[in-house]
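# A look at the structure
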Amino acid sequence: MLLGVAGYLVTQYATSGSGPARCTVRSGDGREGDTGHAGYQVQPEQAANAATIEAVASSRRLPERAVTIALATAMQESALRNIDHGDRDSLGLFQQRPSQGWGTERQILDPVYAAGKFYDHLVEVPGYSRLPLTVAAQKVQRSGFPQAYAKHEANASLLTAALTGRRPAALNCTTGPGGTPVEAGDPAAVREKLRREFGPDVLGGEDAPQVTGGGRGKPSSAVLVPAASERRGWELAHWALAQAPYLRIAEIAYGGRVWSAARSEEGWRTAGPDGANGTGSAVELRLATGS
């Protein structure tokens, strides 16, 4: 009986607002009625770094396989954490070394730069997308333990499928205690980060419409990000979800689905008549307005 009660309490903690902040990648597509199990869990910092790695690949129009190779490599090298230490002078997500020509310490500790340098070397590997992941990663990294990348391939593939938008609503992040951000978000900061990671055209030009007001009880500032396809829309929505704690995004809407920090345990839910609607042509990022 005591074991049963303990198991119940653990389950309640893990699925309630009092549980820890975490991001979960489902093996299914995350749609209504989807029965796919939770295939992989990461911390918010790891999810944000993974989303940046995918966005840099997207800005270069690289294939999905490139993202999987990059994610598996970063999982092995740094556990998807932007660490300021490592073997000898290794640093950052990919444990790149200033002494080996990868860049300055400051550059390598910039996830956008680090991901870009990894892809610079990857695309120089002939037929990299058809090579075993361990071979492709090793040709870039020159690791002393090349087979270690293989153990991350399954999880990297799951995360890639979500971050590239191939599996709609497959990623959910819970906010833990506190829920909605208490500090106001800055639309200019959101737009700047989008352009830096996805490229200057991600917002469709300087004249693209921006949301400036919300309904009753809703955040009053937001950013609209054009989505030319459903897959692109979910790519952007999942990126925003992974970046939400850092950009103070309180609500994300796309394709009639909505995620909100205040109800994050529910994941992507159908938008109600009074909620953010989201369309098939744009992802709506509603920012916290502050307490």
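In this report, we go over the structure that sits alongside the text. As the structure is a prediction and not an experimental result, all values here were calculated from the model.

### Topic: helix 5 (residues 111–122)
- For helix 5, with twelve residues, the first-to-last C-alpha span of 16 Å sits near the 16 Å given by 1.5 Å per residue.
- Three or more residues of helix 5 are buried, namely Pro111, Val112, Ala114, Ala115, Gly116, Phe118, Tyr119 and Leu122.
- Each element contacted by the buried residues of helix 5 is listed here: helix 2 (44–59), helix 3 (64–78), helix 4 (105–108), helix 6 (133–141) and helix 8 (187–198).

### Some points on the nonpolar core
- In this structure, Ile53, Tyr119 and Ile252 are the most contacted members of the largest nonpolar core, which totals 74 residues.
- Among the elements that line this core, the one with the most residues is helix 9 (residues 230–247), at nine residues.
- Not counting residues within four places of it along the chain, the set of residues in contact with Tyr119 comprises Ile53, Val56, Ala57, Arg60, Leu62, Ala66, Val67 and Ala70.

### As for unusual backbone geometry
- For Arg88, which is not glycine, the phi torsion reads 55° and is therefore positive.
- Position of Arg88 among the secondary structure elements: in the loop between helix 3 and helix 4.
- Even without a glycine there, the phi angle at Ala169 is positive, about 55°.
- Following the sequence through the fold, Ala169 ends up in the loop between helix 7 (153–163) and strand 3 (171–174).

### A look at the pattern of salt bridges
- For the structure shown, the criterion picks out 13 salt bridges.
- Between Asp120 and Arg60 there is a salt bridge, with the nearest N and O atoms lying 2.6 Å from each other. Of this pair, Asp120 sits in helix 5 while Arg60 sits in the loop between helix 2 and helix 3; the two residues are 60 residues apart in sequence, bridging distant segments of the chain.
- Among the residues examined, Asp120 registers a relative accessible area of 30% and is labelled partly exposed.
- Its salt-bridge partner being Arg232, residue Glu235 comes within 2.9 Å of it at the nearest N-O pair. Taken together, the positions of Glu235 and Arg232, both in helix 9 and three residues apart, correspond to about one turn of that helix.

About the cut-offs
- Residues numbered from 1 in each chain as written.
- Predicted model: local features only at pLDDT ≥ 70, side-chain atom pairs only at ≥ 80, totals over all residues.
- Heavy atoms only, no water.
- Helix = DSSP H or I, 4+ residues; strand = E, 2+ residues; numbered from the N terminus.
- Expected span 1.5 Å × (residues − 1).
- Buried < 20%, exposed > 50% of the residue type's maximum accessible area, 1.4 Å probe, protein only.
- Contact = heavy atoms within 4.5 Å.
- Core = buried A, V, L, I, M, F, W, Y, C linked by side-chain atoms within 4.5 Å.
- Salt bridge = Lys/Arg side-chain N within 4 Å of Asp/Glu carboxyl O.

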